[in-house]
Amino acid sequence: MAEDFQVTAGVAAIRREPRDDGMQDSQLLAGEVFSVENETNGWAEGVSRHDGYRGFVDMAALSAPVLIPTHRVSALRTYVFSEPDLKSAPRFLVSLNAKIAAGRREGKFTEAQRLGWVFTGHLSALDATESDWVAVAERFLHTPYQWGGKESLGLDCSGLVQVSLEAAGVRIPRDSKDQEAWARARWVEVETDEGLSGLKRGDLVFWPGHVGIMTDPVHLLHANAFHMMTASEPLAPAVRRIAHHHAPMSGIFRSPNAKG
């Protein structure tokens, strides 16, 4: 029978194999829940309750029972301190959308139960959402590319889309293929011409195995292995380059709630 555990590290890798150098396919942020189906030699095999991602997680990053989160990290990243004092030893960093179960308040700090102390100004109520998810994504500009990453220190293309939309209260699958299927079922497909006209801020642009975000009618923001970071560039040359090295675009989708 599966048992739920909660991440009590800054971040935990979901690996393809149960070993330290196993390929990282995704990550769990602090406070997220992993349903453990089997445990062998310190490795938990199971599935993320957050997005259904399966794999292996180091048991050292997990604790039970699960505490009900009350807040999420709203800063791009922040330290968890050992004491409610900015001069105390930091334990680790937590990234945007990490979840905490708040305890005591002392001065400018809130106790993140089982983790440490977090600056209160870097937290929001769990149900508080960002009004502009693209602006959230833009905060990751120049963040290093990391395969399987969704943390502020490194993330991949679909991780960027997932964490940015989550900050605005929208849950979307983890991988770009599933994200495209999700958008195709819920958003409006955008038709464009050879000049790539008619696009808007917030449009999602997909290729097989890749996704990016339009920040205006011209520019694409995407975490990518060409630049090895989250980069902003005109869409047209990106389309030509990706088509040459990989594949043509497979779809562009717009939220039915998009404005202007």
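One can find the structure itself at the top, above this paragraph.
## Details of the pairing of strand β22 (residues 229–234)
A regular strand places its side chains so that they alternate between the two faces of the sheet.
Move 1: Note: strand β21 (residues 219–224) against β22, 6 bridges, orientation antiparallel. Directly across from H222, in β22, lies its bridge partner A231.
Move 2: The hairpin formed by β21 and β22 contains 4 residues between the paired strands, and M228 there has a positive phi angle of roughly 55 degrees.

## A closer look at the sheet that holds strand β8 (residues 71–73)
Move 1: Across the sheet, 3 strands lie side by side as β11-β8-β15; this open sheet has antiparallel pairing. Two strands close off the open sheet at either side, each with one partner strand: β11 (99–100) and β15 (123–125).
Move 2: Pairing analysis gives 3 bridges linking β8 to β15, with the strands arranged antiparallel. Note on β15: the bridge partner recorded for R72 is S124.

## Some details on the packing of aromatic side chains
The description of an aromatic ring pair uses the distance of the two centres, along with the angle that the planes make with each other.
Move 1: All chains considered together, the criterion is met by 5 aromatic pairs.
Move 2: Seen from their ring centres, F81 and F109 are 5.7 Å apart, and the 85 degrees between their planes marks the pair as edge-to-face. Remark: F109 occurs in strand β13 (residues 109–112) and F81 occurs in strand β9 (residues 77–81); sequence separation between them is 28 residues. Comparing F81 with F109, the two get one shared label, buried.
Move 3: Ring centres 6.4 Å apart and planes at 75 degrees place the aromatic pair F109 and F119 in the edge-to-face group. Placement of F109 in strand β13 and of F119 in strand β14 (residues 116–119) is noted, with a sequence separation of 10 residues between them.
Move 4: Linked through ring pairs, Y79, F81, F109 and F119 together constitute an aromatic cluster.
Move 5: Directly above the aromatic system of F226 lies the positively charged group of R241, at a separation of 4.0 Å from the ring centroid.

## What about the pattern of salt bridges?
Move 1: As enumerated under the stated definition, the model contains 18 salt bridges in all.
Move 2: Between R19 and E17 there is a salt bridge, with its nearest N and O atoms 3.0 Å apart.
Move 3: Here E17 falls in the partly exposed class, since its relative accessible area comes to 37%.
Move 4: Its salt-bridge partner being E233, residue R241 comes within 2.7 Å of it at the nearest N-O pair. Just as R241 is buried, E233 falls in that class too.

## Topic: the sheet that holds β22
Move 1: Taken in spatial order, the 6 strands line up as β18-β23-β19-β20-β21-β22 in an open sheet, and their pairing is antiparallel. Each end of this open sheet is capped by a strand with a single partner; those strands are β18 (188–189) and β22.
Move 2: Packing against the sheet, helix α3 (residues 176–186) makes contact with β18, β19 (204–207), β20 (210–214) and β23 (251–254), and its axis sits at approximately 130 degrees to β19.
Move 3: Across the sheet, helix α4 (residues 235–245) is in contact with β19, β20, β21 and β22; its angle to β22 comes to roughly 115 degrees.

Procedures and definitions
Residues numbered from 1 in each chain as written. Predicted model: local features only at pLDDT ≥ 70, side-chain atom pairs only at ≥ 80, totals over all residues. Heavy atoms only, no water. Pairing = 2+ DSSP bridges. Helix = DSSP H or I, 4+ residues; strand = E, 2+ residues; numbered from the N terminus. Phe/Tyr/Trp six-rings, centres within 6.5 Å; stacked < 30°, edge-to-face > 60°. Buried < 20%, exposed > 50% of the residue type's maximum accessible area, 1.4 Å probe, protein only. Lys NZ or Arg CZ within 6 Å of the ring centre and 35° of its normal. Salt bridge = Lys/Arg side-chain N within 4 Å of Asp/Glu carboxyl O. Contact = heavy atoms within 4.5 Å. Axes fitted to C-alpha atoms, helices over the stretch in contact; angles between N-to-C directions.

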